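Observations on the three-dimensional arrangement
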Amino acid sequence: MKPASTAVSTIVTLVLFRALCAEAKTVISVEDVQSIRVDLDLSNVVRRVDERFLSVAIDASLIAEEKFMNLLNSPKLRTLAKALIPAFLRFGGTKQDFMKFNPRGRYFQARENSSTAVLGNVCKRLELPPLLENRLKQEWVLQSKTLLQEELEGKYKKTKFSEYAVDLLYAFANCSGLDLIFGLNALLRTSENTWDSTNAELLLKYCESREYVMSWELGNEPNSYEKKAGIRVDGHQLGQDFVHLHQILQESAVYNSTGLYGPDIGQPRDHRKDLLTGFLESGAEAITACTWHHYYVNGRDTSLEDFLDPHVLDTLATKINEVLETTESVSPGKKVWLGETSSAYGGGAFGLSDTFVAGFMWLDKLGLAAKLGLDVVIRQVLIGSGTYHLVDDNLDPLPDYWLSLLYKRLVGPEVLKAEVHTNSGQKKPIRVYLHCTNRKSTHYRQGAVTLFALNLNKNEATISLPAHMANSTIEEFVLQSAEAGEQSLYSRSVKLNGQVLKMVDDRTLPPLEGRELPPGAHIKLPGFSFAFYVLTEARAPLCK
């Protein structure tokens, strides 16, 4: 057997099927075979991303009516969140720049501390009773419609929140094991159009008194301030605002070494590039990482075809490279995050962003972002307004949640090189990425690698490994729509290796079991599916 450190070539054969009848019987023609070669290089780690690379957000709209923050005490939601650690939890979004801390002396009497027993007792005590949870979920459906209308009209109501809301948010993060990032309101301005930190300092003082360990952001998409609030802030001033916040944090006994992330700017476009450059020139030293946002399409006019279009998926690479180049030119070595991202902006695409087809955009974004050098990707949203959730209105996991969970369990932070070669000039219908397998998984040997692949074609793909890999054991995790037929891509359920995924109960996730392929067997990737393949005996030296 050749050493694992050499480049491994695989041959991908796309077998194009022709439907014969409604029962989906098929025939294969030799003329329909297309050969594609995929090189897998196990000799070099291209990138190393943060172990919290896949992180999640709670949209700040949840705080518009404080009672809905109690949904964070749902045992089911906590179970789902805890399964995604390690991860950041960003609390922010458009609404953060329209909310103000209004202390009322209402807060939890019990203080959380580092004691596991005490924390466990607090988490148990805060659990939401089933009857109250059901009532809040029903009311949240109506609240979501109100917030969506606010988004459509572009008129945002100002919101006040108390210590109680902060406690609920922190308890959720703490009980779930997530690292909280809180987004402060940057649209509180002085007469000189500098940031007015008075309210933020009030909030910081409260969080200090509670010894809440958390990081911070300031403002959301400053490029749209003029449109949303009639206020224009240039890049230089924005940087100065962050320097001001950084100075405040430096004076804090609790937050002097905490993370500060920004500017959470929209994806590069015209003046946004100048805004980012100006911000970095005056404020780069204040931030831990540079954050920006990305969505592929407008949720109000997109289509199913966009979610499967390689040209649409490839636009992300252009945007990533633009942000990386700008950041590196002004602040060399500064880490860059996708601080907020999903499929479609405007709250998502109805009937698409929360269905199976959204997984193609999500998995490709994770693969491409790590490959090109982004350190963290924060998914919009775990819960909040919009239609791009990881959970539905009943807090049940949607297809992108299960995809995220599998990614967390199987994919490690070390990025390896995987490259598809084809003789045709067409965009490749198979997209592949390669990482070391998550080494925190005790199920696999050291040196295992995880190949994940997307099939954007309706026809099955057969992947043949070369002879010297024939004896390597492969464990496959194939995700397909839970439904068949023309409407399958719109499904809000997903199958893993043929079994529909759903929670066992509110506190228990199902076992996500792979299917072991016999040595020498071909890998078959069904049409319109994505999958993870763990090469358990790859013996990659850099994955040990």
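Values in this document were obtained by computation on a predicted structure and should not be read as measured data. Residues take numbers from 1 onward in each chain, read along the sequence in its written order. With pLDDT at 70 or above as the cut-off, local features in this predicted model cover only qualifying residues; side-chain atom pairs require 80 or more to be listed or tallied, and sums for whole chains, interfaces and linings still use all residues. Side-chain numbers come from the whole structure's heavy atoms, not from hydrogens or water.

1. Looking at empty space enclosed by the protein
Think of a 1 Å grid over the protein atoms and nothing else: a 1.4 Å probe that fits but is trapped marks a cavity, an open set flanked by protein within 12 Å on at least five of seven lines marks a pocket, and residues with an atom within 4 Å of a point count as lining. Grid points are joined across faces, edges and corners, and a volume is the space filled by probe spheres set on the points. The final tally for this structure, using the stated rule, is five cavities of 30 Å³ or more. In this structure, the largest cavity encloses a volume near 80 Å³. If you go around the largest cavity, the residues you meet are Met99, Phe101, Phe161, Phe182, Gly183, Leu184, Asn185, Leu188, Trp195, Asn199, Ala200 and Leu203. To qualify as a helix, a DSSP run of H or I must reach at least 4 residues; to qualify as a strand, a run of E must reach at least 2; elements of each kind are numbered from the N terminus. When residues of the lining of the largest cavity are traced back to their parent elements, those giving at least two are strand 6 (99-101), strand 8 (179-184) and helix 5 (198-209). If you add up the space inside the second largest cavity, you get close to 60 Å³. Leu71, Lys137, Trp140, Ile383, Gly384, His389, Val391, Asp392, Asp393 and Leu395 are the residues that line the second largest cavity.

2. Focus on the side chain of Thr437
Its location among the elements puts Thr437 in strand 15 (residues 430-437). Under the relative-accessibility criterion, Thr437 is labelled buried at 3%. Here a polar contact is taken to be a pair of N or O atoms separated by no more than 3.5 Å, where protein atoms must pair a possible hydrogen donor with a possible acceptor and residues adjacent in sequence count only if both atoms sit in side chains. Separated by 2.9 Å, the side chains of Thr437 and Thr450 make a polar contact. Those residues in contact with Thr437 that sit more than four places away from it in its chain are Leu410, Gly412, Tyr444, Ala448, Val449, Thr450 and Val534. Throughout, exposure labels follow a simple rule: accessible area from a 1.4 Å probe, protein chains only, divided by the maximum for the residue type, with under 20% read as buried, over 50% as exposed, and the rest as partly exposed. The contact rule is simple, with two residues in contact once any of their heavy atoms fall within 4.5 Å.

3. Here we look at the nonpolar core
Nine residue types can take part in a nonpolar core, namely buried Ala, Val, Leu, Ile, Met, Phe, Trp, Tyr and Cys, and a core is a set of them joined through side-chain atoms within 4.5 Å. Counting 133 residues, the largest nonpolar core has Phe91, Phe182, Trp216 and Phe532 as the members making the most contacts within it. The greatest single-element share of this core, amounting to ten residues, is contributed by helix 11 (residues 358-372). Membership of the second largest hydrophobic core comes to 27 residues, among which are Val38, Ile430, Val449 and Leu535.

4. Details of the state of the cysteines
The disulfide definition used here is simple: a pair of cysteine sulfur atoms within 2.5 Å. In total, this model carries two disulfides according to the counting rule given. Put simply, Cys123 and Cys175 are joined by a disulfide, and their sulfur atoms are 1.9 Å apart. Taking the torsion about the sulfur-sulfur bond, which here is approximately -95°, the covalent link between Cys123 and Cys175 counts as left-handed. Highlighted residues: Cys123 in helix 2 (residues 116-125) and Cys175 in helix 4 (residues 163-176), separated in sequence by 52 residues. Across this residue pair, the class does not change: Cys123 and Cys175 are buried. A sulfur-sulfur separation of 1.9 Å characterises the disulfide bridge that pairs Cys436 with Cys543. Taking the sign of the S-S torsion, about -75° here, the bridge from Cys436 to Cys543 comes out left-handed. Linking Cys436 in strand 15 with Cys543 in the segment after strand 23 (529-535), this pair joins segments that are 107 residues apart in sequence.

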